[in-house]
Amino acid sequence: MATYQTTYTNAPPKGLHGQIASEEKCNKISRTVEDAAGIKFGTPVQRGAGDHGVTAMSSGDFLGIAVLNPAVPANAANPDAYPQYFAGAFMTMGPMYVLAGGNVSDGGEVFYNTSTGRYVGAAGANIIGPLPDTFFETSGANGDVVEISVRLRPVTPAPAA
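What you see is a predicted model; the values in this text were computed from it and never measured. (Residues numbered from 1 in each chain as written. Predicted model: local features only at pLDDT ≥ 70, side-chain atom pairs only at ≥ 80, totals over all residues. Heavy atoms only, no water.)

Let us look at the overall build of the protein chain. The number of helices and strands found in the protein chain is zero helices and twelve strands. Helices and strands in the protein chain line up, N terminus first, as β-β-β-β-β-β-β-β-β-β-β-β. Its C-alpha atoms give the protein chain a radius of gyration of 17 Å, within 12% of the compact-globule value 15 Å for 161 residues. Referenced to the eigenvectors of the C-alpha coordinate spread, the extents of the protein chain come out at roughly 70 × 45 × 30 Å. When the 161 residues of the protein chain are sorted by exposure, 39% land in the buried category. Across the protein chain, every contact between residues at least 6 apart in sequence was considered, and the portion connecting residues at least 24 apart equals 58%. For the protein chain, the computed accessible surface area is about 9100 Å², with 53% contributed by carbon and sulfur atoms. Mean positive and mean negative side-chain charge positions of the protein chain (9 and 13 charges, respectively) differ by 3 Å. (Helix = DSSP H or I, 4+ residues; strand = E, 2+ residues; numbered from the N terminus. Rg over C-alpha atoms; globule rule 2.2 N^0.38 Å. Buried < 20%, exposed > 50% of the residue type's maximum accessible area, 1.4 Å probe, protein only. Contact = heavy atoms within 4.5 Å. Areas by Shrake-Rupley, 256 points an atom, 1.4 Å probe, with all protein chains shown as cover. Lys, Arg positive; Asp, Glu negative; His and termini not counted. Charge placed at Lys NZ, Arg CZ, Asp CG, Glu CD.)

With respect to the helices, strands and loops of the structure, Glu-147 is situated in strand 12 (residues 145-150). Assessed through its relative accessible area of 18%, Glu-147 is described here as buried. With residues up to four places along the chain from it excluded, the contact list for Glu-147 reads Ala-21, Pro-95, Met-96, Tyr-97, Phe-135, Phe-136, Glu-137 and Thr-138.

Turning our eyes to something else, we now look at the packing of aromatic side chains. Enumeration according to the criterion identifies four aromatic pairs in this entry. With a centroid separation of 5.8 Å and an interplanar angle of 20°, the aromatic rings of Tyr-82 and Phe-86 are classed as stacked. The class of Tyr-82 is buried, set by a relative accessible area of 0%. With 5.6 Å between their ring centres and 50° between their planes, Tyr-82 and Phe-90 make a pair best called tilted. Joined through ring pairs, the aromatic side chains of Phe-41, Tyr-82, Phe-86 and Phe-90 make up one cluster. (Phe/Tyr/Trp six-rings, centres within 6.5 Å; stacked < 30°, edge-to-face > 60°.)

Within strand 5 (residues 62-66), five of the five residues are buried, which leaves it mostly tucked inside the rest of the structure. Strand direction decides the pairing type here: strand 3 (residues 44-47) and strand 5, joined by three bridges, are antiparallel. Bridge pairing in strand 5 places Val-45 opposite Gly-64. Pairing geometry for strand 5 and strand 7 (residues 87-99), over two bridges, is antiparallel. Note that in strand 7 the partner of Ala-66 across the bridge is Phe-90. (Pairing = 2+ DSSP bridges.)

Right, let's get into the environment of Met-91. Assignment of secondary structure puts Met-91 in strand 7. Residue class for Met-91 comes out buried when judged on its relative accessible area of 0%. Taking the C-alpha atoms as reference points, Met-91 and Ile-65, 26 residues apart in sequence, are found 5.2 Å from one another. Sequence-distant contacts of Met-91, defined by excluding residues within four places in its chain, comprise Ile-20, Cys-26, Asn-27, Lys-28, Leu-63, Gly-64, Ile-65, Val-67, Met-96 and Val-150.

Before going further, it helps to examine the nonpolar core. Ranked by size, the top nonpolar core spans 30 residues in total, and within it Tyr-82, Phe-90, Tyr-119 and Ile-148 carry the most contacts. Elements with a minimum of two residues in this core: strand 1 (27-33), strand 5, strand 7 and strand 12. (Core = buried A, V, L, I, M, F, W, Y, C linked by side-chain atoms within 4.5 Å.)

Here you go:
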């Protein structure tokens, strides 16, 4: 006989790292992963060397973020990632859940820590960004699932004094 869930937490997680938060306005593209180590879900990417290729963002122009996809073949050596040569989905516009790597604030700029794979609110060692036209939609602390928006809302300048 199949088992079923019998216990529940008071506050289930609101999302997973790399999961699309809503279809408010969302655009995704398919690209071939060029990195030998693959690209983990939730990682910002840039154009790769080949046609329709992508690589994890380092110093290039921000293209999008790797979308969580449970249909990707399992790889014990590199779980939760698109493997090399796989055609992955990358969100170029829309809301996404990500893990905060420190305190972040609603409306703040979004930076990515390449060593921890988490999103932060300021520059520092091993941190790239700010990601253009990308903002935190919710506040949170280190380890929290927070929402970011990519190219959804223009920056609103402060009113003149």
